[in-house]
Amino acid sequence: MFHSYRISDFLKNSGVFNPNESASGTLFHINRLEEMPPLPEHIITPHKHHFYELFLVESGEAIQAVDYQEYKLQENTFFFISQGQLHFWAKTNRENIRGYRLMFTEDFFQMNQMNNQFLFELIHLDNIYQNPFIALSSEKNKLIYTYFDLLFQEYNRDNCYQKALQSLLFLLLAEIHRLYNSVSPTDTSKHQAVIFKQFILLLETHFSEKWSASDFAQALHISPRHLNRIVQNMTNQNLTHVIRNRIVLEAKRLLTFTDLTVNQISNNLSFEDSAYFARYFRKVMGLSPTDFKKNMSEKYR
């Protein structure tokens, strides 16, 4: 329904040499924000990614809209966009923004990785309930700046080593993980983080099939009560609310950015009929799907 792009889609016709091109496409890329080329004409916004995108803004301002939240990126901020999130640049001034944009795939990170669950443990990268925006102190968080610098330098070497990039990326993500834990400490275990990430992956695959809480728990081989406790630890919401909100988020996306009718959206999301869908939507959003579509179309379209 929505276009989902790979890293290589953003580099087409840009003349960028990529030392990490493989049969499956580009796996890693980093560039300076001030040198970032205009968005290629074939890229349609809003869109999704098949990769993780991290921004380090050293100076300047921009506004990124991600699933109905607008984030102001300004001096000394770190920001990331997860796989599957619908987003676009709401406002940016390419003349004054400086910093880095880093893109990498899960496959790139996992290659030759002894701990293949470490990326699962970094729940902030895939948890839409986590704040994707953090203000940095150049002194307190200087390692994050250092790792971005080193990744950029290594990537642009004539004899760039993929293993060096992977090692530096691991160190960067570990430092970001520490930063998030210091800002929002939790008592969640690594095991719970992994289960939550597995739940999120299942939710993205099956939310439109109206899976129940029990269906997700069964697929994860745990009890609904255990899964609910983990989800509450991660999101401060119960399992049923998280499932419901994911369904409503997709409805909001379809109402805002497509020309599908309410009846068609109801069918796409496996509702019995459009009347039930309208009641379901109104209960969460406080207005009808038709009124929501009118309001959002005036704002975003």
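The shown structure was predicted, so the numbers you read here are calculated from the model rather than taken from an experiment.

**As for the confidence of the model for the protein chain**
Consideration 1: With 86% of its residues at a pLDDT of 70 or more, the protein chain has an overall mean of 85.
Consideration 2: Per-element confidence in the protein chain ranges from a low mean pLDDT of 51 for strand β2 (residues 21-22) to a high of 96 for helix α7 (residues 213-219).

**Considering helix α11 (residues 274-285)**
Consideration 1: A rise of 1.5 Å per residue sets the reference length of α11, with its twelve residues, at 16 Å; its end C-alpha atoms lie 16 Å apart and thus fit the reference within 8%.
Consideration 2: For α11, the complete set of buried residues consists of Phe277, Tyr280 and Phe281. All buried residues of α11 lie within an arc of 95 degrees about the axis, which places them on one face of the element. Facing away from the buried side of α11, by more than 90 degrees, are the exposed residues Arg279 and Lys283.
Consideration 3: The N-capping residue of α11, defined by a side-chain oxygen 3.1 Å from the backbone nitrogen of Ala275, is Asp273.

**Considering the nonpolar core**
Consideration 1: Counting 42 residues, the largest nonpolar core has Phe199, Leu227, Ile265, Leu269 and Phe277 as the members making the most contacts within it.
Consideration 2: Among the elements of the structure, α6 (190-206), α7, α8 (224-235), α9 (239-257), α10 (262-268), α11 and α12 (289-300) are those that each provide at least two residues to this core.
Consideration 3: Of all the elements, α9 adds the most residues to this core, at ten residues.
Consideration 4: Aside from chain neighbours lying at most four places away, what touches Phe199 is Phe216, Leu220, Leu227, Val231, Leu239, Val242 and Ile243.

**Focus on the packing of α6 against α8**
Consideration 1: Contact pair α6 / α8: the axes reach a minimum separation of 10 Å and the direction vectors enclose 95 degrees. Considering the angle they form, α6 stands roughly perpendicular to α8. Residues Gln192, Ala193, Ile195, Phe196 and Phe199 of α6 lie in contact with α8, whose contacting residues are Leu227, Ile230, Val231, Asn233, Met234 and Thr235.

**Some details on unusual backbone geometry**
Consideration 1: Cis rather than trans, the peptide bond between Thr45 and Pro46 has omega equal to -5 degrees.
Consideration 2: Within the secondary structure layout, Pro46 lies in the loop between β4 (28-32) and β5 (48-49).
Consideration 3: We note that His221 has phi near 60 degrees; this positive angle belongs to a residue other than glycine.
Consideration 4: In this fold, His221 is placed in the loop between α7 and α8.
Consideration 5: Of note, the phi angle at Asn236 is positive, near 60 degrees, even though the residue is not glycine.
Consideration 6: Looking at where Asn236 falls in the secondary structure, it is placed in the loop between α8 and α9.
Consideration 7: Among the residues examined, Asn236 registers a relative accessible area of 73% and is labelled exposed.

How each quantity is defined
Counting restarts for each chain, with residues numbered from 1 along the sequence as it is written. Only residues with pLDDT of at least 70 are given local features in this predicted model, and only at 80 or more are side-chain atom pairs given and counted; all residues enter the totals for whole chains, interfaces and linings. To obtain the side-chain values, all non-hydrogen atoms of the structure were used and water was disregarded. Every residue carries a pLDDT, the predictor's confidence in it, which falls somewhere between 0 and 100. For the purposes of this entry, the term helix denotes a DSSP run of H or I that reaches at least four residues, the term strand denotes a run of E that reaches at least two, and both are numbered from the N terminus. Take the residue count of a helix, subtract one, and multiply by 1.5 Å to get its expected span. Type-normalised accessible area, obtained with a 1.4 Å probe on protein chains alone, sets the label of each residue: buried when under 20%, exposed when over 50%, and partly exposed for intermediate values. Along the arc lie the directions from the helix axis toward the C-beta atoms. The term polar contact refers here to a pair of N or O atoms within 3.5 Å; inside protein, the definition further demands a hydrogen-donor-capable atom paired with an acceptor-capable atom, and it admits residues adjacent in sequence only when both atoms are side-chain atoms. For our purposes a nonpolar core is just a set of buried Ala, Val, Leu, Ile, Met, Phe, Trp, Tyr and Cys residues, chained together by side-chain atoms within 4.5 Å. The contact criterion used throughout is that any non-hydrogen atoms of two residues lie within 4.5 Å. The angle between two axes is taken between their N-to-C directions and runs from 0 to 180 degrees, where each axis is a line fitted to C-alpha atoms and a helix contributes only its stretch in contact. Convention used here: angles under 35 degrees read as roughly parallel, angles over 145 as roughly antiparallel, angles from 65 to 115 as roughly perpendicular, and any remaining angle as oblique.

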